[in-house]
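# Remarks on the overall topology
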Amino acid sequence: MQLSTATKTRARELGWSEETIARIEASPLKDVTVANIAMMRIPEERVRGFLDLVDRDPERIPNVTFNFIRTRSERGVRAKPSERGLLLKDINIGTYGQVPDHWPYENDTPRGAHPSPDNYAPGSYYIYDKVEVWAEGVDELYEDAIRDRWVPATDLDWNEGLAELPAEIEKAVCQLATLYSGHGLVEQKILAKWLEPISYGFHDVKLFLGTQIYDAGHKVEALRKRALANGGGLGQAPLGALYRAWYGALKFTEMITAVDVVYKSYELTLFEAYGDFAKTEVERKLFSLLARDSRRHLEYGKRHLLWYIQHHPRGRENVRFWLGRAEAALSIELRYSHAEREALALLFAGDMERLQAGIERLGKLREKQLHDYLGVLDAVGIDRLPQVSPHLVAIAEDPLAV
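A quick note: this is a predicted structure, and the numbers were derived from the prediction, not measured.

What follows deals with helix H2 (residues 18-26). Residues Thr-20, Ile-21, Ile-24 and Glu-25 constitute the buried set of H2. Viewed end-on, H2 has its buried residues packed into an arc of 140°, placing them on one side of the element. With respect to the buried face of H2, the exposed residues turned more than 90 degrees away are Glu-19 and Ala-26. The secondary structure elements touched by the buried residues of H2 are helix H1 (5-13), helix H3 (31-39) and helix H4 (44-56).

Right, dumping it as C-alpha cells:
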C-alpha cells in the first residue's frame, strides 16, 4: 500500500522515521487508518507497537479505521471546575456553549457533535426554535435543582415530627395534601409529555425539565404520605378545572405560562405561607421544601417568558392571550373548589369556633397571591393589572366569592 503524500507529510512532521513509514506501506493497513492515527498525533514508538499488533492479526486489525477522529467538532477543549464543582455552565464553552436560534438536526445529534451522513434517522422532535423553550441561566437552575434534592422518606421526621391533632384539623391538612398531590401528578404528566418534542440541541432545558418532573413526583409522594401518616386519609379530589389550560396548551410556552407562571405563583405564595399555620413539624418542613422547589420552577417560567417576549415577533400578543386562558382556569378552580378554601380557612382559624378569623386570613392570602402574581409579571415587563381576570380580583376581595 502506497501512503498518500499528505499522510506521509503528516507522519514526518510527527517524527516518524522512514523505516517506520516503509513498514507501514508494507503492511495491510489502509491510508485512511494511518492518516487518522497521525491526526491523533500518536508518537512513533506507539505506532510501532500497533504495527506489531497488525502483524499478529493481519486479518482483523487492519479493518479498524479510527474514523471517529474525523469530526468537525471543536477539539482540545479543557473545562475548568468552579468552586461548586464542574457545572453545566463550566462546560458550555467555545462552540459547545453556542445555542443556535434554530436547531438544524432532526435526529439525536448532541450539541457540539455532528451527525454521521451514513446513519441519519430523523427522530420525534418538532421543537427546533430556541425562542420556544429557552431561558437565560437554565443550566444554573438545573444545578440548583440537583443540589437542593431531598427525599421525603428520610428528610422528614415521620416518627417524632407528627402530633395528634383535632379531627377537623387533621382532615383539613389531609384535604390540602390530597389536592396538591393531585396537582403534582398532573404537573408531572404534562411536563413529561412536552419533554420529548424538544430537540437535542436544547439539552439544558430538557435537563431542567427532568428535575421539575422529579420534583412533581416527590410532591405527590410526600403529600400522600402526610395524608396517610397521622390518622387522616385522603380527601376529595381536585376539581380539575385548573388542568384545562395545561392540557389544552398548543405550544410549549403556553403550557409553561399556565403551569410555571400563573399556577406556580399562586402555589408558591401558599406554600410559603404554610409555615404560619402548620400544626406539626412535618408540615412546616414539608411545605418549606415544596416552596423551594416551586420557587425554582417559577424562576424558569419567568426567565422563559422574558426570553419569549423579547425574541418572538408576536411574543407579547401571544403571552397576553395565554395568560387570559390560564387565569380563567385558575379562577374557576379557586372559586368552585370548596374543599381547598374551606380547609385553608379552618387551618388558619385553628378550630371551627373561630372560623370567621380563618376566613379573614384566607382573604389576606388570596390578596397576597394576586399581588405576588402581578409582581412576577411586572418583573418581566408585563403590566397585567389592567387585564387580569376579574374573577381573581373578586376572590382577592372576598375569598368565598363564587
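So much for the structure itself; the text now carries on.
Attention now goes to the side chain of Thr-280. Mapped onto the secondary structure, Thr-280 falls in the loop between helix H11 (252-273) and helix H12 (281-311). Its relative accessible area of 4% is what places Thr-280 among the buried residues.

One non-glycine residue with positive phi stands out, namely Arg-41, at about 60°. Among the structural elements, Arg-41 can be located in the loop between H3 and H4. A positive phi angle, near 60°, is found at Phe-66, a position not held by glycine. Structurally, Phe-66 can be placed in the loop between H4 and helix H5 (88-91). Accessibility expressed as a relative area gives 22% for Phe-66, which makes it partly exposed.

This part covers the domain arrangement of the protein chain. Domain annotation of the protein chain identifies domain 1 (5-69) and domain 2 (130-397). Using C-alpha coordinates to define each centre, domain 1 is positioned 61 Å away from domain 2.

Analysis parameters
Residues numbered from 1 in each chain as written. Predicted model: local features only at pLDDT ≥ 70, side-chain atom pairs only at ≥ 80, totals over all residues. Heavy atoms only, no water. Buried < 20%, exposed > 50% of the residue type's maximum accessible area, 1.4 Å probe, protein only. Helix = DSSP H or I, 4+ residues; strand = E, 2+ residues; numbered from the N terminus. Arc of directions from axis to C-beta. Contact = heavy atoms within 4.5 Å. Domains from an automatic or database assignment.

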